[in-house]
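If you want the building blocks of each chain, they are given just below.
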Amino acid sequence: MLLTNYFEDLSVNEVNTLPRRNYFIPYKNRQEAQENPNRRDSSYYHDLNGTWDFHYFENVRLIEQPYWLSEKSEQITFDSIAVPSCWQLSGYGQIQYTNVEFPIPYNPPYAPYENPAGLYRRKFTIDNYNSSSDYHINFEGVDSSFYVWVNDEFIGFSKISHSNTEFDISSFVHDGQNEISVLVIQWGDATYLEDQDKFRYSGIFRDVYLLERSPQRLNHFVITPDISEDLNTASIDIQFLDFRELGEIHFSLLDPNGDIIENRQLDVSQSHTIEIESPVLWNAEDPNLYLVLLETENETYRQEIGIRKVEIKDNQLYVNHKSIKLYGVNHHDTHPETGMTVNLDNQINDLQLMKNYNFNAIRTAHYPKTAEFYELTDRYGFYVMSESDFECHGVVDLYGLGENDNYNMIADDDRFSFAITDRMESSIVPFRNFSSIIMWSAGNEGGYGIAVEKALKRGRELDSTRPLHYEAYYYHNPNIEYDETYIDMYSRMYPSVEEIDDKYFSDTINRPFILCEYSHAMGNGPGDFKEYYDYMMSKDEFIGAFVWEWADHAVNINRNSKEPAIYRYGGDHGEFPHYGNFCMDGLVFPDRTPHTGLLEYRQVHRYLRLKKYDLESSTFTFKSTFDFTSSKNHYNVKVEYLDLDGNVIDSEDLDDIDVPARESKDYHLKLKHSFDDILSLRFVYFTNNDSNYNEQGFDYVEVQSYSPAFKESQSNVTISYEDNIGSIDVQTDGNLIQFNKADGAIKQISKNNTSLLNAPSTWTVWRAPIDNDRNIKKEWYEARYDHSSTRIHSYSVNETSERIELLFEGTLNLMGRQNLLELTIKWTISKNGEISLDLNALKDPIFPFLPRFGIMMPLNKSFNDVSYFGNGPYENYVDKKHASYLALFNASIEDLYEPYVTPQENGAHANVKKLNVLNSESDIEFISEDGISFNFSQYSTQQLTDTSHRDQLVIEDNHYLHIDYAHSGLGSNACGPELADEYQLNEDEFNFKFSFKI
């Protein structure tokens, strides 16, 4: 091989790189620095992004000539590629998604012999080249390792993918045109330490830029804020850790209003403490930022600083001397068009959405972000757990080594100590001055042992002002004594609330507790936000929880075209190994359209809520869970009035509602509608800081009960029946309802000689498995729930002057299995035109809980719309219902569909007391005192079950109406606890009732 093999050497992470420093961009002068927070506006910033020449090699070991040198480069052909980008999305190499499993054979430090590489080349000219200046080139992210040449001279090497690498190329550049070559290697020893759950992309995927530096300069400084116990004074401590040819530097401090409050010269050989009287503090609710300007003769540096203090006290997390909670989400860099290359606008969009949906914290899963991301989280106000670029989860999949019992294979191997510790250092040193970072994480799913302990120790040495996090300490060997002083909190992934209570809170807890991952947001779900939230709020030491995860990962195969997006996931690209659609586990679709699960999160985590009320006195008590600011700083409140049918008839703003942080406040409201005339009130909380008035949550007050009734009452319908060979046919004033003797379900409904059903109705227990059914569905398939039928053993007809009663006795059968349900089905057809069902079911308890139970009616396609009184407007289930409320809603069949990328059960609405299914001429009207669940879909359950991608669904000739007794809940069992018993449809006996009219 022509190259020195650094990429298979655990003792080498960098060659010829500059010492790590805190992130900053030098500016030409004070005015330029003060007025331009965007680094691209610095005169000293030279952007090297853009179109580069590119040549893809199948194997770095078989490169015959040093084509990175200009005299050899003409011997090969070059394509063009965008920098930054991922080369797989430009048509090179293999797109691959895998989760736990390593993408290469396990043989550290060695990579496969066939190891792809990409050679990047471009020419660049340095504007206003100055021979007395130094020039430093920065690579903010290259996967996985890379070699650099400038003007045919070897510059250096680096291998931590999500890490800024800086090289001094001053001696190798000149006035006029220069040339740079970068050879990126796909696999190496770093591959074993970067085994994160994501698409495995390669290339220069983050920004590349050149900084012009003065010989007299500051290289590394650290700013540490502190505040007094009474919050009346604060300080910032400044340490100058690396500088050249400097004696003094001019320091200015501007307050959040832009006023200068400090101006002085500082000796760079000393540390300095700047006192601030009556400080304006930073927190996630009110992210006030001071601006530090440091001026030398030729360079000025800017650093925004939030005055805040982070502590662990009393086994709680304190910010500015208040115990806080982290309402968090895990955030990968992912985009369906560009993979792990994300730009500033992408990041801003994500952060704005997170704010709109009541998140205050982010875990950078599972690697550091760019500095510009942390600048944004400082400004928008987020508490950030910043994580090292370390994960080696694949060791648990090695054959015969005990799965999780082998978790510590790398973590407890001292050969990896340098590599893991260096990753920890690279994740901390550049970002210490960002106030939104409140804790450091040593990595993810890497086991525990001596190598990780050394990394944590190094983290503490670098920064003692922030707590340390590392979840995989949970897997440490209890027979080995480790130094627990670096374990600042107990961290877990996906335990149930019951397990948390039993393991951590049944006795006195000696550390804070945090969920770094929970509520796996895959597909239709999750269904357990409220249980975790309620428990967290009941325990001071339960300091926070981070949902897994923010966005679905997918590849848009129509990228770079005007065609509608078509998303593909693991296994769709011919790769091996892969982990299927497990990457489709976000709260938003790949294009950032919210899932209904995100709406659920927003509602459960609303910061203002109605705590109690007394309608007689019209007194309403609101509680704020903001920690630092009053509710009016964020929310406006209005009340909606719903009439007795459930229609919103009026609303009014409640401008006086302003609840101080962490307090409750009573309001006597003079509402403008009499309670006699309304069914309910909905108090709605809106953002008050943007023009969109995004809803942030609501509270629903039932003023009086809703009593469902048919819209027309008939009293003298002529009814008769015929007992035919396969059905019992009931006539009602020219209409026909046929009841199937085979299964006791409705075989056909005819109105005015028009058939409403395209096929007979059936009883069903099957739903298209949701992603969170991925474990229980194995039992469902084994039980043959997907192959059920109903067998009627006997029937009888009882006719009176007022009604006809049909009684069917039978069982719900499973192919090749014993009977699942014993059924007693009674249909009553009354002279008032009502057809009523009273079904009793006895379940064999040996079987697993049911997905659902109900009747499916394949209506003809003329029925396209519904009007319903029930939980809406969003899909809802027994455990995913908090974003919905009781009212009258109207929707088309298209509106009711939730387009999960992997088709599955979707669009149910529960607690429905009245339902009208409409076509242009008539409707079918259902009522239920107890409430039913319904689905109305253009796709059969069978098609949703069998189809792997939503774009492959075919609209059918039937419109499928499901009227269900109930569904089982959704939970988060794709990567979390089993569905809680209370949400399982597992009753030994149940009674299903509803009535309908045609």
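Since this is a predicted model, take the numbers as computed values, not measurements.

Regarding helix H4 (residues 371-380)
Along H4, eight of the ten residues are buried, which leaves the element largely enclosed by surrounding structure. Among all positions of H4, only Ala371, Glu372, Phe373, Tyr374, Glu375, Leu376, Thr377 and Asp378 are buried. Contact partners of the buried residues in H4: strand E22 (300-305), helix H3 (344-356), strand E27 (361-363), strand E28 (383-387) and strand E29 (437-441). Backbone geometry just after H4 places Gly381 at a positive phi near 90 degrees.

A few points about the environment of Arg200
You can see Arg200 is positioned in the loop between strand E13 (198-199) and strand E14 (203-204). According to the relative accessible area criterion, Arg200 is buried, its value standing at 5%. In sequence terms Arg200 and Ser85 are 115 residues apart; their C-alpha atoms lie 13 Å from each other. With near-sequence residues (within four places) excluded, Arg200 lies in contact with Gln88, Gln96, Thr98, Asn99, Glu101, Pro103, Glu194 and Asp195. A distance of 2.9 Å separates polar atoms of two side chains, one belonging to Arg200 and the other to Asp195.

With respect to the packing of helix H8 (residues 529-538) against helix H9 (residues 596-604)
Interhelical geometry of H8 versus H9 gives an angle of 25 degrees and a closest axis separation of 10 Å. Regarding the angle of H8 to H9, the classification is roughly parallel. Remark: the crossing between H8 and H9 carries right-handed chirality. Of the residues in H9, those in contact with Phe529, Lys530 and Tyr533 of H8 are Gly597, Glu600, Tyr601 and Val604. Residue composition of the contact of H8 with H9, by class: four nonpolar, one polar and two charged.

Section: the packing of H3 against H4
At their nearest, the axes of H3 and H4 sit 10 Å apart, and the two run at 30 degrees to each other. The orientation of H3 relative to H4 falls into the category roughly parallel. H4 is crossed by H3, and the crossing has right-handed handedness. The residues of H4 that touch H3, namely those facing Leu344, Gln347, Ile348, Leu351, Gln352 and Lys355, are Glu372, Phe373, Leu376, Thr377 and Tyr380.

Examining the state of the cysteines
Taken as a whole, this structure holds zero disulfides when the rule is applied. Among the cysteines around Cys392, which has no disulfide bond, Cys516 carries the closest sulfur, lying 15 Å off. Of the cysteine sulfurs around Cys516, a residue in no disulfide, the closest is that of Cys975, at 11 Å.

Remarks on unusual backbone geometry
Residue Val83 is joined to Pro84 through a cis peptide bond whose omega torsion reads 5 degrees. Its location among the elements puts Pro84 in the loop between strand E4 (79-83) and strand E5 (97-98). Cis geometry is adopted by the peptide bond preceding Ser144, which originates at Asp143 and carries an omega value of 5 degrees. Looking at the secondary structure, you find Ser144 in the loop between strand E8 (142-143) and strand E9 (145-150). The phi dihedral of Ser278 is positive, around 45 degrees, even though this residue is not glycine. Considering the arrangement of structural elements, one finds Ser278 in the loop between strand E20 (272-277) and strand E21 (290-295). Given a relative accessible area of 59%, Ser278 falls into the exposed group. One non-glycine residue with positive phi stands out, namely Glu445, at about 45 degrees.

Brief notes about the environment of Phe936
You can see Phe936 is positioned in strand E57 (residues 923-937). The sequence separation of Phe936 and Leu961 amounts to 25 residues, and the corresponding C-alpha distance is 4.6 Å. Those residues within four positions of Phe936 in sequence are excluded, and the remaining contacts are Leu859, Phe863, Asn864, Asp865, Val866, Ile893, Leu896, Val917, His959, Tyr960 and Leu961.

Thoughts on the UniProt feature "domain: Beta galactosidase small chain/" (unreviewed entry) in the chain
Sites flagged by UniProt as "domain: Beta galactosidase small chain/" (unreviewed entry) map to residues 729-997. Split by type, residues 729-997 is 5% helix and 49% strand. Its first and last C-alpha atoms lie 16 Å apart.

Let's talk about a negative patch on the surface
A surface patch of like charges, here negative, comprises Glu498, Asp501, Asp502, Glu779, Glu978, Asp981 and Glu982. The dominant element in the negative patch, judged by the number of residues it contributes, is helix H7 (residues 497-504), at three residues. Summarising the element assignment, Glu978 is placed in the loop between strand E58 (958-967) and strand E59 (989-997).

A short note on the nonpolar core
Counting residues in each nonpolar core, the largest one holds 112 residues, and the members touching the most others are Phe359, Leu456, Val547, Trp550, Phe622, Leu681 and Phe683. The contacts of Phe359, once residues within four sequence positions are left out, are Tyr327, Gly328, Val329, Met354, Phe382, Val547, Trp550, Leu587, Leu598, Tyr601 and Tyr607.

Things to note about the sheet that holds E29
The strand order across the open sheet built from eight strands is E30-E29-E28-E27-E26-E33-E32-E31, with neighbouring strands paired in parallel fashion. A single partner strand is all that each edge strand has here, and the edge strands are strand E30 (468-469) and strand E31 (490-493). With four bridges joining them, strand E26 (residues 326-330) and strand E33 (residues 542-547) adopt parallel strand pairing. Each residue of the ladder has a partner; that of Val329, found in E33, is Val547. Strands in contact with H8 are E26, strand E32 (513-518) and E33; relative to E33, the strand with the most contacts, it is inclined by about 160 degrees.

Topic: the sheet that holds strand E36 (residues 608-614)
Taken together, the three strands give an open sheet; going across it, the order is E36-E37-E40, and neighbouring strands pair in antiparallel fashion. If you trace the sheet from one side to the other, it starts and ends with E36 and strand E40 (664-668), each paired once. Pairs of neighbouring strands in the sheet enclose a mean axial angle of 25 degrees, with direction left out of account. Note: E36 against strand E37 (residues 619-624), six bridges, orientation antiparallel. Bridging from a neighbouring strand, Arg609 pairs with Lys623 of E37.

Remarks on the side chain of Arg432
Position of Arg432 relative to the elements: it lies in the loop between helix H5 (417-428) and E29. For the buried Arg432, which has no salt bridge, the nearest side chain bearing the opposite charge is Asp463, at an N-O separation of 4.1 Å. Leaving out residues up to four positions away in the same chain, Arg432 has contacts with Val222, Thr224, Trp440, Leu462, Asp463 and Arg466.

Some details on the pairing of E28
Judged by how many residues are buried, E28 sits mostly within the fold: five of five residues are covered. Both faces of E28 are covered, namely the face carrying Tyr383, Met385 and Glu387 and the face carrying Val384 and Ser386. Once the chain exits E27 it traverses H4 before rejoining the sheet at E28, and the crossover so formed is right-handed. Pairing of E28 with E29 involves four bridges; the strand directions are parallel. Note that in E29 the partner of Val384 across the bridge is Ile437.

Re H5
Across its twelve residues, H5 extends 17 Å between first and last C-alpha, which sits within 8% of the 16 Å expected from 1.5 Å per residue. Most of H5 sits out of view: eleven of its twelve residues are buried. Looking only at H5, the buried set comprises Ser417, Ala419, Ile420, Thr421, Asp422, Arg423, Met424, Glu425, Ser426, Ser427 and Ile428. Structurally, H5 contributes buried residues whose contacts are with strand E1 (14-15), E28, E29, helix H6 (450-462) and E30.

What about the environment of Asp502?
Counting through the fold element by element, Asp502 comes out in helix H7. Considered as a pair, Asp502 and Pro368 are 134 residues apart in the sequence and their alpha carbons are 33 Å apart.

Examining the packing of aromatic side chains
A complete count under the given rule lists 85 aromatic pairs for this structure. With a centroid separation of 5.2 Å and 85 degrees between ring planes, the pair formed by Phe529 and Tyr601 is classed as edge-to-face. On the criterion of sequence distance, the pair formed by Phe529 in helix H8 and Tyr601 in helix H9 is long-range, its members being 72 residues apart. Seen from their ring centres, Phe994 and Phe996 are 6.5 Å apart, and the 40 degrees between their planes marks the pair as tilted. Neither Phe994 nor Phe996 differs from the other in exposure class; each is buried. Taking NZ or CZ as reference, Lys313 lies 4.6 Å from the ring centre of Tyr318, over its face.

About the cut-offs
Residues numbered from 1 in each chain as written. Predicted model: local features only at pLDDT ≥ 70, side-chain atom pairs only at ≥ 80, totals over all residues. Heavy atoms only, no water. Buried < 20%, exposed > 50% of the residue type's maximum accessible area, 1.4 Å probe, protein only. Helix = DSSP H or I, 4+ residues; strand = E, 2+ residues; numbered from the N terminus. Contact = heavy atoms within 4.5 Å. Polar contact = N/O pair within 3.5 Å; in protein donor to acceptor, adjacent residues only side chain to side chain. Axes fitted to C-alpha atoms, helices over the stretch in contact; angles between N-to-C directions. Parallel < 35°, antiparallel > 145°, perpendicular 65-115°, else oblique. Left-handed = near helix turned anticlockwise from the far one by under 90°. Nonpolar A, V, L, I, M, F, W, Y, C, P; charged D, E, K, R; others polar. Disulfide = S-S within 2.5 Å. UniProt positions renumbered as here; feature names shortened; annotations may be inferred. Patch = residues over 30% accessible without salt bridge, like charges linked within 9 Å, V, L, I, M, F, W, Y side chains within 5 Å. Areas by Shrake-Rupley, 256 points an atom, 1.4 Å probe, with all protein chains shown as cover. Salt bridge = Lys/Arg side-chain N within 4 Å of Asp/Glu carboxyl O. Lys, Arg positive; Asp, Glu negative; His and termini not counted. Charge placed at Lys NZ, Arg CZ, Asp CG, Glu CD. Core = buried A, V, L, I, M, F, W, Y, C linked by side-chain atoms within 4.5 Å. Pairing = 2+ DSSP bridges. Right-handed = clockwise from strand over helix to strand, strands pointing away. Expected span 1.5 Å × (residues − 1). Phe/Tyr/Trp six-rings, centres within 6.5 Å; stacked < 30°, edge-to-face > 60°. Lys NZ or Arg CZ within 6 Å of the ring centre and 35° of its normal.

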